[in-house]
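An overview of the molecular structure
Chain residues, written in single-letter form:
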Amino acid sequence: MPYIIIFSCVFILGVFDYISFNQYPIIVLGKHRYRIDFFYWLILALLLLAAWFRNPYWGPDSINYSGAYAAAARGNISSYEYGYILLQKLCVMFQLDYQGFTRVIAILMYPLLFLAYGKRNERSLLILSYVAMNYFDSFAIHRNYIACTFMLLAYDSYIEKKYKTACIFVIVACLFHNTTFIYIFLLLMSRKERGKKYWVSLVIIAAIIYISDIYRIIFYLLGLINGRYLAYLAGLMDGAVPSRGSTIYTILLLLALILSVLYQSRIDNSECRILQNFLCYIAVFTIFFPWFPNYSRVIRVSFVLIAILVSETIHVMKQTNRRITVFMYSLILFVAMYFNQGFFLMEGMFSK
């Protein structure tokens, strides 16, 4: 069962990275100092190795993407975003097969993710969160997770007030998946502190929209722009329901919010305030609009930010509470991982 082996190795290496964080050797190049994070980058090597040898045709969206890549090899243009089409064309130009294409995606995504997480508190916990809830999904849901990686880089630049850099990353992210604009819009709204009346009003408005079926009119108008939404609307009327994975993400989101509120007095961090507001928007969205066409994409990728809020909250805890919380959080992740992606344990993720 390679999934369990990979998850266990990441956990063990993460523990070593956590213990060794202040003991890594430092090298000086000119005016810059670099820490040699051996165990941290060893985790990356392990994840790249798994992505390199996995079965490229396994996963919920792999049939669509492999078909689109085969069409690109014949010179046909798919209906995907321009960034993804360009990446396809570049790989076709170098005569890579579909597995080679998925390897390029892995090499693009995971090092950037590790760079974004590498400078954060409790970074090993962040990587463990990603492996448990996002990593194997990213094998098959390419566009969404490439966009997620660049969105995370945009978020970091945004928090550091490097707005031009953030805009560049946002543009790149939108070139791979158009749902990215939702995150940026919500982050911009999240900078301003909101009172209880605001959130109560938002919940009431969301409930009215949900009960009155106004969202169906919104989908129809969107369908006039993009016919894909009319197909989604047809699925809605047939009684589509949220996936088990989306429900698990929603539960973890609410737990993250509760944990951060309990320790709010100790968190002297404007970033955490922004994340709390952002996740409140997402919580309202997930409770009242679980049938929204891009719901699963939004809540799935939001977990990279949920994990940051959890890690920052854990970082301000006392040592004993921190250890207990890390253990409980890891246990919750393991259970959530099994129920969300447990089919990977039994099926041929790494078979040819």
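My aim in this report is to walk through the structure given alongside it, one point at a time. Predicted model only: the values in this text are computed from it and were never measured.

As a further point, take the overall build of the chain. Across its full length, the chain carries 17 helices and two strands. When each of the 352 residues of the chain is scored for burial, the buried share is 50%. If you sum the accessible surface of the chain, you get close to 17,600 Å²; carbon and sulfur atoms cover 69% of it.

Let us look at the nonpolar core. One finds Tyr110, Tyr117, Met133, Tyr135, Leu152 and Leu305 to be the most contacted residues of the largest nonpolar core, which totals 92 residues. At 12 residues, the largest contribution of residues to this core is made by helix 15 (residues 295–315). In this view, Tyr110 contacts Leu44, Leu48, Ala51, Tyr130, Tyr135, Ser138 and Phe139; residues no more than four positions away in its chain are not counted.

Here helix 3 (residues 62–73) contains 12 residues, and its C-alpha end-to-end distance of 16 Å stays within 8% of the 16 Å for a straight helix at 1.5 Å per residue. Those residues of helix 3 lying buried are Ser62, Tyr65, Ser66, Ala68, Tyr69, Ala71 and Ala72. Where helix 3 is buried, its residues contact helix 4 (82–93), helix 5 (98–118), helix 6 (123–140) and helix 7 (142–159).

Despite not being glycine, Gln95 has its phi angle at roughly 60°, a positive value. Counting through the fold element by element, Gln95 comes out in the loop between helix 4 and helix 5. Classification of Gln95 by relative accessible area gives exposed; the value is 74%. Non-glycine residue Lys161 carries a positive phi angle of around 60°. Note that Lys161 resides in the loop between helix 7 and helix 8 (163–174).

The next point concerns the packing of aromatic side chains. In total, this model carries 18 aromatic pairs according to the counting rule given. With 5.6 Å between their ring centres and 75° between their planes, Tyr84 and Phe101 make a pair best called edge-to-face. Remark: Phe101 occurs in helix 5 and Tyr84 occurs in helix 4; sequence separation between them is 17 residues. Residue classification places Phe101 among the buried residues on the basis of a relative accessible area of 0%. Between the NZ or CZ atom of Arg123 and the centre of the ring of Tyr40, over which it lies, the distance is 4.1 Å.

Look at helix 2 (residues 38–53) against helix 5: their axes get within 9 Å of each other, and the N-to-C directions meet at 160°. As the angle between them shows, helix 2 and helix 5 are arranged roughly antiparallel. Of the two elements, helix 2 crosses helix 5, and the hand of that crossing is right-handed. Seen from helix 2, the contacting residues are Tyr40, Trp41, Ile43, Leu44, Leu47, Leu48, Ala51 and Trp52; seen from helix 5, they are Gln99, Arg103, Ala106, Ile107, Tyr110, Pro111, Phe114, Leu115, Tyr117 and Gly118. Among the residues forming the contact of helix 2 with helix 5, the class breakdown is 15 nonpolar, two polar and one charged.

It is worth spelling out the pattern of salt bridges at this point. Close approach of charged atoms allows side chains of opposite charge to pair. With the rule as written, the count across this model stands at four salt bridges. A salt bridge links Glu81 to Arg143, with the nearest nitrogen and oxygen atoms 2.8 Å apart. In this pair, Glu81 sits in the loop between helix 3 and helix 4 while Arg143 sits in helix 7, placing the two residues 62 residues apart along the sequence. Exposure remark for Glu81: the relative accessible area of 11% places this residue in the buried category. Close ionic contact of Arg120 with Glu312 constitutes a salt bridge, the shortest N to O distance being 3.6 Å. You can see Arg120 sitting in the loop between helix 5 and helix 6 and its partner Glu312 sitting in helix 15, a full 192 residues away along the chain.

Quick notes on the rules
Here the residue numbering is sequential within each chain, running from 1 through the sequence in written order. Local features in a predicted model are, by the rule used here, given only for residues with pLDDT of at least 70; side-chain atom pairs are given and counted only at 80 or more, and totals for whole chains, interfaces and linings are based on all residues. No hydrogens and no water enter the side-chain calculation; it runs on all heavy atoms of the structure. Each helix is a run of H or I in the DSSP string that is no shorter than four residues. Each strand is a run of E no shorter than two, and both are numbered from the N terminus. The rule is simple: take the accessible area with a 1.4 Å probe, protein chains only, and divide by the maximum for that residue type; under 20% is buried, over 50% is exposed, in between is partly exposed. Surface exposure here means Shrake-Rupley accessible area, sampled with a 1.4 Å probe, where a residue is shielded only by the protein chains that are shown. Only buried Ala, Val, Leu, Ile, Met, Phe, Trp, Tyr and Cys residues count toward a nonpolar core, and they belong to the same one when joined by side-chain atoms within 4.5 Å. By definition in these notes, contact holds between two residues if any of their heavy atoms fall within 4.5 Å. An expected span of 1.5 Å times one less than the residue number is assigned to each helix. Centres within 6.5 Å are what make two rings of Phe, Tyr or Trp a pair, Trp counting through its six-membered ring; a difference in plane orientation under 30 degrees is then read as stacked, over 60 as edge-to-face, and the rest as tilted. Criterion for a charge above a ring: Arg CZ or Lys NZ at most 6 Å from the ring centre, at most 35 degrees from the ring normal. To get an axis, fit a line to the C-alpha atoms, keeping to the stretch in contact for a helix; angles then go from 0 to 180 degrees between the N-to-C directions. Just so you know how the angles are binned, under 35 degrees is roughly parallel, over 145 roughly antiparallel, 65 to 115 roughly perpendicular, and the rest oblique. Rotating anticlockwise by less than a right angle from the far helix to the near helix defines a left-handed crossing, while the corresponding clockwise rotation defines a right-handed one. Nonpolar residues are Ala, Val, Leu, Ile, Met, Phe, Trp, Tyr, Cys and Pro. Charged residues are Asp, Glu, Lys and Arg, and all others, Gly as well, are polar. Between Lys or Arg on one side and Asp or Glu on the other, a salt bridge is scored when a side-chain nitrogen of the former is within 4 Å of a carboxyl oxygen of the latter.

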